[in-house]
Amino acid sequence: MFIRIYNKLYKFYGPQGWWPARSRFEVIVGAILTQNTAWTNVERAIRNLKGQGYLTSPRKICDLDAPELSRIIRPAGYHNVKAQRLKNFTNFLLNRYACRLDRLSHIPTDGLRGELLGVNGIGPETCDSILLYAFKRPVFVVDAYTKRIFSRHGFFSQESTYEFVQDLFMKNLPTESILFNEYHALIVRLAKEYCRKSPRCGDCPLKISCKRQGVII
């Protein structure tokens, strides 16, 4: 069923070309900045960082003081918290790997996931976004949109844990980073256009039963 849903969405929308970034480091910065905000706000913050040359190397974020970094990324919201999280990641990279992102490429997925989760401010969704989009690892990213759509379709409850939902997808799909990449992007698009908080079920490209608030619609 999971692959059938993917095929329906892919046929309806086509390839999404996600994540929109020019470098691995830009993907990581975007994954941290997108916590609890819309991507349009992240784009503004990234433009600010790019315009001042701070995305050319992780070391430049290391050398930037937190208040100034906070000012630059203000459009992303929660800018003081996110500035510290960016500093946490770049300091981790500096202290453990001499600010060399390429050194992370040689770490097995489970080990790298453990290291990223050890960085203060990087939770499972951010960590897995970094693994999938920056390092092309076959790890399925679960977000609020995933839970909303698939709980409404009766696959699990909205209260299911991140690990439970991720395991369900990964056990029922081919283990392919390209597939996971497209699937996540398609889920996000469907949630924004149809499976909203007030859903447009009549026009939804997924023509299967949807459970919402205990009612089949």
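Thresholds applied
- Residues numbered from 1 in each chain as written.
- Predicted model: local features only at pLDDT ≥ 70, side-chain atom pairs only at ≥ 80, totals over all residues.
- Heavy atoms only, no water.
- Helix = DSSP H or I, 4+ residues; strand = E, 2+ residues; numbered from the N terminus.
- Buried < 20%, exposed > 50% of the residue type's maximum accessible area, 1.4 Å probe, protein only.
- Contact = heavy atoms within 4.5 Å.
- Areas by Shrake-Rupley, 256 points an atom, 1.4 Å probe, with all protein chains shown as cover.
- Lys, Arg positive; Asp, Glu negative; His and termini not counted.
- Charge placed at Lys NZ, Arg CZ, Asp CG, Glu CD.
- Expected span 1.5 Å × (residues − 1).
- Phe/Tyr/Trp six-rings, centres within 6.5 Å; stacked < 30°, edge-to-face > 60°.
- Core = buried A, V, L, I, M, F, W, Y, C linked by side-chain atoms within 4.5 Å.
- Salt bridge = Lys/Arg side-chain N within 4 Å of Asp/Glu carboxyl O.
- Polar contact = N/O pair within 3.5 Å; in protein donor to acceptor, adjacent residues only side chain to side chain.
- pLDDT = per-residue confidence, 0-100.
- Axes fitted to C-alpha atoms, helices over the stretch in contact; angles between N-to-C directions.
- Parallel < 35°, antiparallel > 145°, perpendicular 65-115°, else oblique.
- Left-handed = near helix turned anticlockwise from the far one by under 90°.
- Nonpolar A, V, L, I, M, F, W, Y, C, P; charged D, E, K, R; others polar.

Draft legend 1. Quick look at the overall build of the chain. On a plain count of helices and strands, the chain comes out with 11 helices and 2 strands. Helices (α) and strands (β) of the chain occur, in sequence order from the N terminus, as α-α-α-α-α-α-α-α-α-α-α-β-β. Each of the three principal axes of the chain carries a C-alpha extent, and together these read 55 × 35 × 30 Å. Here the chain, with 217 residues, has 48% of them falling under the buried criterion. Within the chain, counting contacts between residues at least 6 apart in sequence, those at least 24 apart form 60% of the total. Only carbon and sulfur atoms are counted for the fraction: they give 50% of the accessible area of the chain, which is about 10800 Å². Here the chain contributes 33 positively and 18 negatively charged side chains, and the mean placements of these two sets differ by 5 Å.

Draft legend 2. Structural detail: helix α11 (residues 177–193). The terminal C-alpha atoms of α11 lie 25 Å apart, and with 17 residues this matches the ideal 24 Å at 1.5 Å per residue to within 8%. Across the 17 residues that make up α11, a large majority, 13, are buried.

Draft legend 3. Local environment of the packing of aromatic side chains. The final tally for this structure, using the stated rule, is 20 aromatic pairs. Taken together, a centroid distance of 5.1 Å and an interplanar angle of 55 degrees make the contact between Trp-19 and Tyr-133 tilted. Of this pair, Trp-19 sits in the loop between α1 (2–13) and α2 (24–33) while Tyr-133 is found in helix α8 (residues 124–135), placing the two residues 114 residues apart along the sequence. Judged by relative accessible area, which is 12%, Trp-19 ranks as buried.

Draft legend 4. Geometry of the nonpolar core. Residues Leu-33, Leu-49, Phe-89, Phe-150, Phe-169 and Tyr-183 are the most contacted members of the largest nonpolar core, which totals 68 residues. In this structure, Phe-169 is in contact with Phe-2, Phe-140, Thr-146, Phe-150, Phe-156 and Tyr-183, ignoring residues within four places of it in sequence.

Draft legend 5. Structural context of the side chain of Lys-82. Mapped onto the elements of the fold, Lys-82 is located in helix α6 (residues 79–97). It turns out Lys-82 is buried and unbridged, and the closest side chain with the opposite charge, Glu-125, is 11 Å from it. Within the structure, Lys-82 has its side chain in polar contact with the backbone oxygen of Gln-35 (distance 2.6 Å). With near-sequence residues (within four places) excluded, Lys-82 lies in contact with Ile-32, Leu-33, Thr-34, Gln-35, Thr-37, Ile-73, Ala-76 and Gly-77.

Draft legend 6. Region of interest: the confidence of the model for the chain. Mean pLDDT over the chain stands at 92; residues scoring 70 or higher make up 95%. With pLDDT under 50 throughout, residues 211–217 is counted as low confidence; its partners more than four residues away or in other chains account for 14 contacts.

Draft legend 7. How the structure looks around the pattern of salt bridges. Going through the model one piece at a time under the given rule, you end up with 8 salt bridges. Among the salt bridges present, the one from Arg-71 reaches Glu-68, with a minimum N-O distance of 2.5 Å. Highlighted residues: Arg-71 and Glu-68, both in helix α5 (residues 66–72), separated by 3 residues, approximately one helical turn. The partner of Lys-171 in a salt bridge is Asp-167, with the nearest N and O atoms 3.1 Å apart. Here Asp-167 and Lys-171 lie together in helix α10 (residues 162–171), a separation of 4 residues that amounts to about one turn.

Draft legend 8. Structural context of the packing of α2 against helix α3 (residues 39–51). Remark: α2 packs on α3, axes separated minimally by 10 Å, with the N-to-C direction vectors making an angle of 135 degrees. Relative to α3, the element α2 lies oblique. In the packing of α2 onto α3, the handedness of the crossing is right-handed. Contact with α2, carried on its side by Glu-26, Val-29, Gly-30 and Leu-33, involves Trp-39, Val-42, Ala-45, Ile-46, Leu-49 and Lys-50 of α3 and no other residues of that element. When its residues are assigned to classes, the contact of α2 with α3 shows 7 nonpolar, 1 polar and 2 charged.

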